[in-house]
Amino acid sequence: MQIPEIPNLVHYAIPFFILTVIIEIILTVKVKLEDYEFKDAATSITMGLGNVFIGLFTKGLIFGVFLFLYQYRLFTIPFTWWAWFILLFAEDFAYYWNHRIAHESRLFWASHVVHHSSTKYNLSTALRQTWSGSFYTFIFWAPLAIIGFHPLMIVTQISISLLYQYWIHTELIDKMPKWFEAVFNTPSHHRVHHATNPLYLDRNHAGIFIIWDKLFGTFEPEIEKPVYGLVKNINTYNPIKVAFIEWYNMFNDVFTSKTTLGKRFLYFFKPPGWKHDGTGKLSIHLRKEWEENKKGEV
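Residues numbered from 1 in each chain as written. Predicted model: local features only at pLDDT ≥ 70, side-chain atom pairs only at ≥ 80, totals over all residues. Heavy atoms only, no water.

The name given to the protein in an unreviewed UniProt entry is C-5 sterol desaturase, and the organism recorded there is Tenacibaculum discolor. Reading the Subcellular location (unreviewed entry) entry of the UniProt record for the protein gives the comment "Endomembrane system". (UniProt positions renumbered as here; feature names shortened; annotations may be inferred.)

Quick look at the structure:
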């Protein structure tokens, strides 16, 4: 099978990221007449640059793991248009479950929380990426190599998905046409995902296609103004704290909680907010409280 040369698409997109962030700043200040939080944006950009730097090392590791698994593939899928078309959906399906589990398991949330730590929502927020996730979250894409997609195809499609998700991090676009909103992830859908409103918690995990959320019961339309950030914000612009504070908090819970070893171990896998003594509040609890309050208002 002939393997084509495909460049690192994310690296080529960096000038586009810079240009569009500048344009968004101008439109926010001049058109929306709102202040722009430059400290927050600087933190997001620093996190993005750190992610790119770490990726210089982890991408080789990931590619090596995929190559190893590819030796045991079920099929040999060629570099053809129909293979890319199938991979578009297959990779997005893998992304959906990676993203969903990142909100439902604290071990994966520890790296993903970085992306949600900004209380602002703009294109710079898209650049606020993890420094630790690439070391282990690639396991969600591993089955694609076993199925028979070449590792180069997989990492390329992952980059394409990442590039697609860049433009949906903005408040400057209200709604896309109805047919587009019905099938694809959009700024409106993704604003819901980044919001801390109880109604919106752990919703809209889509990468490119919103259809997965609709199929698996995690879709929520944007019906009230989103409030961005975390349920409990970390209130820092320090990139080191942004990158690792949840890892610290998680291990602190594991090693200092006065309970059995088995229950301590559960802090890695239970959802964010879980406590061994039942005092913690999960997203589902906050959502139920919101629903009950709404009923009481009627």
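From this point on, the discussion continues.
Asks: For this particular structure, what's the right way to read the overall build of the protein?
Replies: Tallying secondary structure elements over the protein gives 13 helices and zero strands in all. Its helices and strands taken in sequence order, the protein reads α-α-α-α-α-α-α-α-α-α-α-α-α from the N to the C terminus. Taken against the 2.2 N^0.38 rule, which gives 19 Å for 298 residues, the C-alpha radius of gyration of the protein at 20 Å falls within 12% of a compact globule. Along the longest, intermediate and shortest principal axes, the C-alpha atoms of the protein span 60 × 55 × 40 Å. Considering the protein as a whole, with its 298 residues, one finds that 47% of them fall into the buried category. For the protein, the proportion of contacts with a sequence separation of at least 24, taken over those separated by at least 6, is 73%. When the accessible surface of the protein is summed, it comes to about 15700 Å², and 68% of that surface belongs to carbon and sulfur atoms. Computed over 27 positive and 24 negative side-chain charges, the separation of the two mean positions in the protein equals 5 Å. (Helix = DSSP H or I, 4+ residues; strand = E, 2+ residues; numbered from the N terminus. Rg over C-alpha atoms; globule rule 2.2 N^0.38 Å. Buried < 20%, exposed > 50% of the residue type's maximum accessible area, 1.4 Å probe, protein only. Contact = heavy atoms within 4.5 Å. Areas by Shrake-Rupley, 256 points an atom, 1.4 Å probe, with all protein chains shown as cover. Lys, Arg positive; Asp, Glu negative; His and termini not counted. Charge placed at Lys NZ, Arg CZ, Asp CG, Glu CD.)

Asks: What am I meant to see in the packing of aromatic side chains here?
Replies: The description of an aromatic ring pair uses the distance of the two centres, along with the angle that the planes make with each other. Taken as a whole, this structure holds 32 aromatic pairs when the rule is applied. With a centroid separation of 6.2 Å and an interplanar angle of 15°, the aromatic rings of F251 and F255 are classed as stacked. Linking F251 with F255, this pair stays in helix α11 (residues 239-256), spanning four residues, or about one helical turn. One residue, R73, lies across the ring of Y70, its end atom 4.1 Å from the ring centre. If you follow K214 out to its NZ or CZ, it ends over the ring of F219, 5.1 Å from the centre. (Phe/Tyr/Trp six-rings, centres within 6.5 Å; stacked < 30°, edge-to-face > 60°. Lys NZ or Arg CZ within 6 Å of the ring centre and 35° of its normal.)

Asks: Just to check I follow, could you spell out the pattern of salt bridges for this structure?
Replies: Close approach of charged atoms allows side chains of opposite charge to pair. Considering all chains together, one arrives at eleven salt bridges under this definition. Salt-bridge contacts for R128 lead to D40; the nearest nitrogen and oxygen are separated by 3.1 Å. Linking R128 in the loop between α5 (123-126) and α6 (142-147) with D40 in helix α2 (residues 38-70), this pair joins segments that are 88 residues apart in sequence. In terms of burial, R128 and D40 fall into one category: buried. Measuring nitrogen to oxygen at the nearest pair gives 2.9 Å for the salt bridge that ties R191 to E222. Here R191, found in helix α9 (residues 187-194), pairs with E222, found in the loop between α10 (211-216) and α11; they are 31 residues apart in sequence, far enough to count as distant. Overall, the relative accessible area of 4% leaves R191 in the buried class. By relative accessible area, which is 19% here, E222 ends up buried. One continuous salt-bridge network, built from bridges that share partners, spans R106, E246, D253 and K275. (Salt bridge = Lys/Arg side-chain N within 4 Å of Asp/Glu carboxyl O.)

Asks: Please clarify how the UniProt feature "transmembrane region" (unreviewed entry) in the protein should be interpreted in this entry.
Replies: As annotated by UniProt and renumbered to match this structure, "transmembrane region" (unreviewed entry) occupies residues 12-31, 52-73, 79-97 and 138-167. Counting secondary structure, residues 12-31 comes out at 95% helix and 0% strand; the distance between its end C-alpha atoms is 29 Å. Secondary structure across residues 138-167 divides into 73% helix and 0% strand, with the first and last C-alpha atoms of the span separated by 23 Å.

Asks: Looking at this structure, I do not really get a nonpolar patch on the surface. What am I missing?
Replies: On the surface, L19, I23, L27, V31 and L172 cluster together to form a nonpolar patch covering roughly 420 Å² of accessible area. Mapping V31 onto the fold places it in the loop between α1 (9-30) and α2. (Patch = residues over 30% accessible without salt bridge, like charges linked within 9 Å, V, L, I, M, F, W, Y side chains within 5 Å.)

Asks: Please clarify how the UniProt feature "domain: Fatty acid hydroxylase" (unreviewed entry) in the protein should be interpreted in this entry.
Replies: The positions UniProt marks with the feature "domain: Fatty acid hydroxylase" (unreviewed entry) are residues 84-218. The straight-line gap between the two end C-alpha atoms of residues 84-218 is 27 Å; of that span, 58% is helix and 0% is strand.

Asks: In this structure, what is going on with the side chain of R128? I would like to understand it.
Replies: We classify R128 as buried; its relative accessible area is 1%. Within the local environment of R128, its side chain forms a polar contact with the side chain of S117, the two groups lying 2.9 Å apart. In this view, R128 contacts D40, T43, S44, M47, V114, H115, S117, S118 and V242; residues no more than four positions away in its chain are not counted. (Polar contact = N/O pair within 3.5 Å; in protein donor to acceptor, adjacent residues only side chain to side chain.)

Asks: Is there a simple way to explain α2 in this structure?
Replies: In an α-helix, one turn spans 3.6 residues; hence positions three or four apart end up facing the same way. Taking 1.5 Å as the rise per residue, α2 with 33 residues should run 48 Å; its terminal C-alpha atoms sit 44 Å apart, in good agreement. Maximum bend of α2: about 45°, positioned at L56. Sitting at the head of α2, E37 places a side-chain oxygen 3.3 Å from the backbone nitrogen of K39. (Expected span 1.5 Å × (residues − 1). Bend = angle between axes of the 7 residues up to and from the residue.)

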